[in-house]
Amino acid sequence: MSESIKEIQQSIIEEMALFDEWNDKYEYIIELGKKLPKLDEVHKIDANLIKGCQSNVWLIASEKDGIIHFEAESDAVIVKGLVSLLLRVFNNQPATEIINSDLSFLEETGLSRHLAQTRSNGLLSMVKQIKFYAMAYSVKGN
Amino acid sequence: MITDIKISSPFTEQQLADIRNQFPILERKVNGKQLVYFDNAATTQKPQSVITALDNYYKGYNANIHRGIHTLAEEATAKYEDTRKALQKFVNAEFEEEIIFTRGVTEGINLVSNTFGRKFINAGDEIIISTLEHHSNIVPWQMLCEEKGAILKVIPINDAGEIIWEEYIALLSEKTKLVSIVHASNALGTINPVEKIIEEAHKVGAKVLLDGAQSSSHIEIDVQALNVDFFVLSAHKLYGPTGIGMLYGKKELLEAMPPFHGGGEMIKEVTFAKTTYNELPYKFEAGTPNIADTIALNEAIQFVNTIGKSNIMAHENSLLQYATDELLKIEDLEIIGTAKDKVAVASFVIKNIHHQDLAYILDSEGVAIRTGHHCTQPLMQRLGLKGTSRASFAVYNTTQEIDTLIFAVQKAVRMLK
């Protein structure tokens, strides 16, 4: 059995706590952003676009046996790093688990205060969209 | 402050320190670093005198104005009207009643489009704006054009961010009823040649509205010398409070225009059969106004007057020059907006670096800049950009702060590339 959403979030919180300085957290998130696999250009269409005020996120989802698979990318690297963390939390999880999950790591790591100001980067919209996909697939599955 | 003297700021080190000391917020630490505030084109910080005026009003003489026959009401009314007189002098209007209080530039433009526009602009008439406009000087005219069947024309710009003069002249015709144009661009800093623009518009019988959001804290405004028909400004970009601004209009135009909002204060007599309207300026000031902020605005005007706009402009120009020189030393950095005449706005892009990423790193260093499209999406489309990073300077900024900006940008480039 793979890690649950709760367990993954706990791991992220512990990892982020290892950095004393915000600087180091930024470095880490930028690294994650740079490493995030690129989304195929064919998926970068308006239908998959989550528009922030300043940067954009593209998100696609697919389902197999009740497990939801996500891929996403952003045009800004720090947002890409945060997207990478969100994917680590939500990717390849059962639809019900996603729907019922409580997103705590953004708060507990301080990321929401420093980086996830909602309107400018569309991250919270991405979380909503992830849950929306999970709901849509769970209805379809039933 | 050696560099300041070298590039000829009019202030001595002590004078600049005295100016900075009037702004309590500049003491603030952000993310453990000393705040460097370079988002002045969005809103300026407020001197203690403005903050004290707000406090004094609520503690000492809070009352509704133009109504009560009691001491507090009379004190508040007198102070409120003092600001109107101060604004009249500030823009050199001929008559006090030509100064209408609004919530800011956006409301001022909407007032003109809803009153002057509704009455005097008809199907087939043309309104001219420029590519430099922010959304506040685009959307109200689109709404009016849609309602009236009028046509919106846009003056194109060159790559430096200046309007193309011949194109403007070509757009003018007897169909032109209004030219509504920004005095200084918020996104690029470009100062438009407004004297000439107004003169040419008047030749075809068009009226001119100048959007002074970005100009009024830097450039001397003389509405009579400009012979401009409407001029709008926002107090909060002028060291004053948010939620208060000014519309100047020529008296004969304001008198010919219908009221904007209906309600108290703007009436002379109300019966259920018919209401007669109050005279200028009250015809356009329905309801209880923003008394506290209006009174505090007077302190902001006095702050600017005491230092003098020519000194403010000279200091800011020295900062702009220094910032531009230092920014251009950074690899792959391009300044966006290279007009000959600019207010103190340094807008830039760095190859392969997203402006939002840059802003995050700068914020972690305590440096506040603005990134994005600056509410000028059509301008960004013209320039082929998604956005820029913009450092905009005010009278209290220093060259040391620019050094901090440069250091932070260099650090961001290292981290992000």
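Undergrad: Would you explain the overall build of chain A in this entry?
TA: When helices and strands are tallied, chain A shows 8 helices and 4 strands. In chain A, the succession of α and β elements from N to C terminus is α-α-β-β-β-α-β-α-α-α-α-α. Computed over its C-alpha atoms, the radius of gyration of chain A comes to 15 Å, within 12% of the 14 Å expected for a compact globule of 142 residues. Its C-alpha atoms give chain A principal-axis dimensions of roughly 45 × 35 × 25 Å. Residue pairs at least 24 apart in sequence account for 68% of intrachain contacts in chain A once pairs closer than 6 positions are excluded.

Undergrad: So what exactly am I meant to see when it comes to the overall build of chain B here?
TA: Counting secondary structure elements, chain B contains 15 helices and 17 strands. The globule rule puts the C-alpha radius of gyration for 417 residues at 22 Å, and the 22 Å found for chain B is close to it. Burial statistics for chain B: of 417 residues in total, 51% are counted as buried. The contacts of chain B with a sequence gap of at least 6 include a subset with a gap of at least 24, amounting to 70%.

Undergrad: What am I meant to see in the pairing of strand β4 (residues 99-102) of chain B here?
TA: Put simply, side chains in a regular strand alternate between the two faces of the sheet. All names here are of chain B. In β4, alternate side chains face the same way, and those of Ile 99 and Phe 101 on one face and Ile 100 and Thr 102 on the other are all buried. Here β4 runs beside strand β10 (residues 245-249); their pairing, made up of 4 bridges, is antiparallel. Looking across to β10, one finds that Ile 100 is bridged to Leu 247.

Undergrad: What's the story with the packing of helix α3 (residues 48-61) of chain B against helix α11 (residues 291-307) of chain B in this structure? I'm lost.
TA: Between two packed helices, what matters for the description is the angle formed by their axes and the separation of those axes. Residues and elements named next belong to chain B. Between α3 and α11, the least distance of the axes is 8 Å, while the angle of their chain directions is 150 degrees. Relative to α11, the element α3 lies roughly antiparallel. Crossing geometry of α3 relative to α11 is assigned as right-handed. Contacts between α3 and α11 involve Ser 49, Val 50, Ala 53, Leu 54, Tyr 57 and Tyr 58 on the former and, on the latter, Ala 292, Ile 295, Ala 296, Glu 299, Ala 300 and Phe 303.

Undergrad: Even after reading the chapter, I still don't get the sheet that holds strand β6 (residues 151-155) of chain B, so can you show me in this structure?
TA: Paired through their backbone hydrogen bonds, the strands of a sheet run either parallel or antiparallel. All names here are of chain B. Taken together, the 7 strands give an open sheet; going across it, the order is β4-β10-β9-β8-β7-β5-β6, and neighbouring strands pair in mixed fashion. Edge strands, defined here as strands with exactly one partner in the open sheet, are β4 and β6. Between one strand axis and the next, the sheet turns through 20 degrees on average, direction left out of account. In this structure, strand β5 (residues 126-130) lies alongside β6, joined through 5 bridges in parallel fashion. The residue bridging Ile 129 from the neighbouring strand is Val 154, located in β6. Helix α5 (residues 105-120) rests against β4, β7 (176-182), β8 (207-211), β9 (230-234) and β10 of the sheet, and its axis sits at about 155 degrees to β9.

Undergrad: Explain the interface of chain B and chain A here, please?
TA: Interface size is often expressed as the accessible area that is lost when the parts come together. With 13 residues of chain B in contact, the opposing surface of chain A contributes 16 residues. For the side of chain B that touches chain A, the secondary structure elements donating two or more residues are α13 (355-364), β16 (370-372) and α15 (399-416) of chain B. The leading source of residues in the side of chain B that touches chain A is α13 of chain B, at 6 residues. Broken down by class, the residue content of the side of chain B that touches chain A amounts to 4 nonpolar, 8 polar and 1 charged.

Undergrad: Looking at this model, I keep getting lost on the sheet that holds strand β1 (residues 49-51) of chain A. Mind explaining?
TA: Residue and element names in this part refer to chain A. Strand order in this open sheet of 4 strands is β1-β2-β3-β4, and the pairing throughout is antiparallel. Strands at the two margins of the open sheet, each flanked by one partner only, are β1 and β4 (93-94). Note: strand β2 (residues 56-64) against strand β3 (residues 67-74), 8 bridges, orientation antiparallel. Bridge assignment links Ser 62 to a residue of β3, and that residue is His 69. Against the sheet, helix α3 (residues 77-90) engages β2, β3 and β4, with an angle of about 175 degrees to β3.

The rules behind each value
Residues numbered from 1 in each chain as written. Chains lettered and ligands numbered in written order. Predicted model: local features only at pLDDT ≥ 70, side-chain atom pairs only at ≥ 80, totals over all residues. Helix = DSSP H or I, 4+ residues; strand = E, 2+ residues; numbered from the N terminus. Rg over C-alpha atoms; globule rule 2.2 N^0.38 Å. Contact = placed C-beta atoms within 7 Å. Buried ≥ 20, exposed ≤ 12 C-beta atoms within 10 Å, placed from the backbone. Pairing = 2+ DSSP bridges. Axes fitted to C-alpha atoms, helices over the stretch in contact; angles between N-to-C directions. Parallel < 35°, antiparallel > 145°, perpendicular 65-115°, else oblique. Left-handed = near helix turned anticlockwise from the far one by under 90°. Nonpolar A, V, L, I, M, F, W, Y, C, P; charged D, E, K, R; others polar.

Everything listed is a geometric property; what it means functionally is a separate question.
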